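# An overview of the molecular structure
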Amino acid sequence: PRRRRYDLAAAGLEALARGCPDLRSLTVANAPGVDADGLEPLIESSRRLEELALAACPKVADKLLERIGELAEDQHVPLKTLKLAGTACTATGVADLRDELAGRSTRVSVELGGAIFGAVLCGGKDSKRVGPPKADTTAAEAFYKKLAEREERTGGGGG
């Protein structure tokens, strides 16, 4: 009989989601089996998760950013800092998250491969963009554009 591989990282994340609803900060590193589906229950059920750092998790892609945006439609997401190094997340995905969260109460600062981007938002009808001064915002937007153009030329993927 053939044995099935069991991903302990995904099982561990599921256990954290069930057993640690007050978790405030989590770093997941060198976990090639972890993806957005494995992280979703943790983000969804953690009432106080403010910082999530993912390093060398190549299966984590823009789907995670999309899911955070979807969750923010239905509930307040306490996540304030999302660090993504060695993932398949793209600058385009970060920009889409920023746009998705505009006008909501969720405010997330996203660090993608060492560059910090603000998906900076204030909620309610009177929402306005908050965050870095205009010069910094312009530089970040120029970086988004340049990285998105590079992804288009090379076929995507690298962020």
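A brief structural summary.

### What about the packing of helix 3 (residues 62-74) against helix 4 (residues 91-101)?
Relative placement of two packed helices is described by the angle separating their axes and the distance separating the axes. Where helix 3 meets helix 4, the closest approach of the two axes is 9 Å, and the angle between their N-to-C directions is 5°. In terms of their interaxial angle, helix 3 and helix 4 are classed as roughly parallel. On helix 4, the residues touching Asp62, Leu65, Ile68, Gly69, Ala72 and Glu73 of helix 3 are Gly93, Val94, Leu97, Glu100 and Leu101. Among the residues forming the contact of helix 3 with helix 4, the class breakdown is six nonpolar, two polar and three charged.

### Some remarks on helix 3
Counted at 1.5 Å a residue, the expected span for helix 3 with its 13 residues is 18 Å, and the 19 Å between its end C-alpha atoms agrees. Where helix 3 is concerned, the buried positions are Asp62, Leu64, Leu65, Ile68, Gly69, Leu71 and Ala72.

### Some points on the packing of helix 2 (residues 36-45) against helix 3
Where helix 2 meets helix 3, the closest approach of the two axes is 10 Å, and the angle between their N-to-C directions is 25°. Taken together, the axes of helix 2 and helix 3 are roughly parallel relative to one another. Crossing geometry of helix 2 relative to helix 3 is assigned as right-handed. Facing Ala36, Asp37, Leu39, Glu40, Ile43 and Glu44 of helix 2, the residues of helix 3 in contact are Lys63, Leu64, Arg67, Ile68 and Leu71.

### Section: the nonpolar core
Note that soluble globular proteins tend to have their nonpolar side chains buried in a common cluster. Judged by nonpolar contacts, the single largest core of 33 residues is most densely connected at Leu54 and Leu82. Contributions of two or more residues to this core are made by helix 1 (8-19), strand 1 (25-29), helix 2, strand 2 (51-55), helix 3, strand 3 (81-85), helix 4 and strand 4 (108-112). At five residues, helix 3 tops the list of elements feeding residues into this core. Residues in contact with Leu54, not counting those within four places in the same chain, are Val28, Leu39, Val60, Leu64, Lys83, Leu84, Ala85 and Thr87.

Rules used in this analysis
- Residues numbered from 1 in each chain as written.
- Predicted model: local features only at pLDDT ≥ 70, side-chain atom pairs only at ≥ 80, totals over all residues.
- Heavy atoms only, no water.
- Axes fitted to C-alpha atoms, helices over the stretch in contact; angles between N-to-C directions.
- Helix = DSSP H or I, 4+ residues; strand = E, 2+ residues; numbered from the N terminus.
- Parallel < 35°, antiparallel > 145°, perpendicular 65-115°, else oblique.
- Contact = heavy atoms within 4.5 Å.
- Nonpolar A, V, L, I, M, F, W, Y, C, P; charged D, E, K, R; others polar.
- Expected span 1.5 Å × (residues − 1).
- Buried < 20%, exposed > 50% of the residue type's maximum accessible area, 1.4 Å probe, protein only.
- Left-handed = near helix turned anticlockwise from the far one by under 90°.
- Core = buried A, V, L, I, M, F, W, Y, C linked by side-chain atoms within 4.5 Å.

Note that all results are geometric; they support no functional claim without further evidence.
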